[in-house]
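Understanding the architecture of this molecule
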Amino acid sequence: MLRNAAPTAPVLFESPDGLIRTGGQGPNGTRLRFPQVSASLTTRWCSSVTKIDVADRSLRGQERFLNRRTLFVTGERAEESPNRARYAAFEPHRTDTRHGTRRRRHVDHWRPVYQWSEAQVWDSLKRWNVMPALPYRIGFSRLSCATCIFGDARQFATIRWLDPARFERLVQYEQQFGCTIKRTVSLEQLAEQGRPYDAALSAPDLARACLSSRPIPTVLTPAWELPAGAFGLGAGPN
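Residues numbered from 1 in each chain as written. Predicted model: local features only at pLDDT ≥ 70, side-chain atom pairs only at ≥ 80, totals over all residues. Heavy atoms only, no water.

What follows is about the overall build of the chain. Scanning the chain from N- to C-terminus turns up eight helices and five strands. In sequence order, the secondary structure elements of the chain are arranged as β-β-α-β-β-β-α-α-α-α-α-α-α. With respect to the principal axes defined by its C-alpha atoms, the chain has extents near 60 × 50 × 35 Å. Residue pairs in contact within the chain that sit at least 24 positions apart in sequence constitute 66% of those at least 6 positions apart. About 14400 Å² of surface is accessible on the chain, with carbon and sulfur atoms providing 53% of the total. On the chain, the mean spot of the 34 positive side-chain charges and the mean spot of the 22 negative ones are 6 Å from each other. (Helix = DSSP H or I, 4+ residues; strand = E, 2+ residues; numbered from the N terminus. Contact = heavy atoms within 4.5 Å. Areas by Shrake-Rupley, 256 points an atom, 1.4 Å probe, with all protein chains shown as cover. Lys, Arg positive; Asp, Glu negative; His and termini not counted. Charge placed at Lys NZ, Arg CZ, Asp CG, Glu CD.)

Below, the structure written as structure tokens:
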């Protein structure tokens with residue numbers, strides 16, 4: 001996003017031998033613009049560049065995936081968006097080269113909850129006592145980037161209350177870029193239209209825990225409760 005007269009940033013991915021760095025030697029260019037809300041992954045480049053491409057480079061960049069079978073598992077569901085409704089539950093992954101003449105890589109892509117409803121997801125977590133992720137518990141209806149471009153007025157009002165320094169940094173970027181995330185409204189205007197989630201306001205300690213980088217001790221809980229963000233109105237592809 002902050003690329004300015006520089007190559008596209010390199011990609012880092014983990015391997016058994018440590019971090020591997022790839023890319024970053026392309027031509028100089030300038031972006032200085034947020035990803036924009038769009039079904040196109042070219043316009044909404046955050047999904048393609050920082051999610052899909054990183055996984056692809058990890059599979060293509062490691063010899064251990066050659067001449068063997070690999071199963072790539074993701075959690076998309078058909079009801080999440082019209083685009084995802086066109087996916088297949090099981091198909092060759094985009095990095096698959098099983099029919100190639102050299103550097104064969106057999107990679108299948110499986111979406112095990114593709115046909116599930118949101119209710120089935122929550123029911124499964126309840127059955128196995130898996131704690132809902134903290135953002136859901138304070139009202140967020142999607143587990144994506146905290147300041148996702150698809151966020152609505154209540155989400156950005158919550159971010160402004162929860163992490164004002166981060167919110168202010170985004171406001172400054174909008175001013176620097178001369179381009180807002182939402183095109184027709186600034187983040188300050190959007191946040192003014194909403195109110196922080198009640199679940200966050202009523203549990204400030206839990207809300208602060210969402211900002212912590214420390215791992216939680218366990219993902220299991222004997223006292224399972226449906227989180228406040230379940231069945232919310234959050235839009236977008238996640």
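Where burial is concerned, the two faces of strand 1 (residues 11-15) differ: the one with V11, F13 and S15 is buried and the one with L12 and E14 is not. As paired elements, strand 1 and strand 2 (residues 18-22) share five bridges and run antiparallel to each other. When the bridges of strand 2 are listed, E14 appears paired with L19. Between strand 1 and strand 2, which pair antiparallel in sequence order, lie two residues. (Buried < 20%, exposed > 50% of the residue type's maximum accessible area, 1.4 Å probe, protein only. Pairing = 2+ DSSP bridges.)

Moving on, we come to the packing of aromatic side chains. Summed over the entire model, instances satisfying the criterion amount to four aromatic pairs. Between F34 and F177, the ring centres sit 5.2 Å apart and the planes meet at 65 degrees, which makes this aromatic pair edge-to-face. Taken together, the residues F34 in the loop between strand 2 and helix 1 (45-60) and F177 in helix 5 (residues 164-177) connect sequence positions 143 residues apart. No difference in accessibility class separates F34 from F177, as the two residues are buried. A centroid spacing of 5.2 Å and a plane angle of 90 degrees characterise the contact between W122 and Y136, whose relative ring orientation is edge-to-face. Of this pair, W122 sits in helix 2 (residues 118-127) while Y136 sits in helix 3 (residues 134-137), placing them 14 residues apart in sequence. Y136 sits in the buried class, given a relative accessible area of 16%. Ring-pair connections join several aromatic residues into one group, and the members of that group are F34, Y173 and F177. Looking at R31, its charged tip hangs above the ring of W45, at a distance of 4.2 Å from the centre. Here the basic side chain of R160 rests over the ring of F167, its NZ or CZ set 5.9 Å away from the ring centre. (Phe/Tyr/Trp six-rings, centres within 6.5 Å; stacked < 30°, edge-to-face > 60°. Lys NZ or Arg CZ within 6 Å of the ring centre and 35° of its normal.)

Our focus in this paragraph is the pairing of strand 5 (residues 106-110). Most of strand 5 sits out of view: four of its five residues are buried. For strand 3 (residues 69-73) and strand 5, the ladder comprises five bridges, and the chain directions are parallel. Paired with L71 across the two strands is D108, which belongs to strand 5. In this structure, strand 4 (residues 90-92) lies alongside strand 5, joined through three bridges in antiparallel fashion. The residue bridging F90 from the neighbouring strand is W110, located in strand 5.

Take the confidence of the model for the chain next. Per-residue confidence for the chain gives a mean pLDDT of 93; residues scoring 70 or more make up 97%. Taken together, the stretch residues 234-238 has pLDDT below 50 and engages in 18 contacts with residues farther than four places along the chain or on a different chain. (pLDDT = per-residue confidence, 0-100.)

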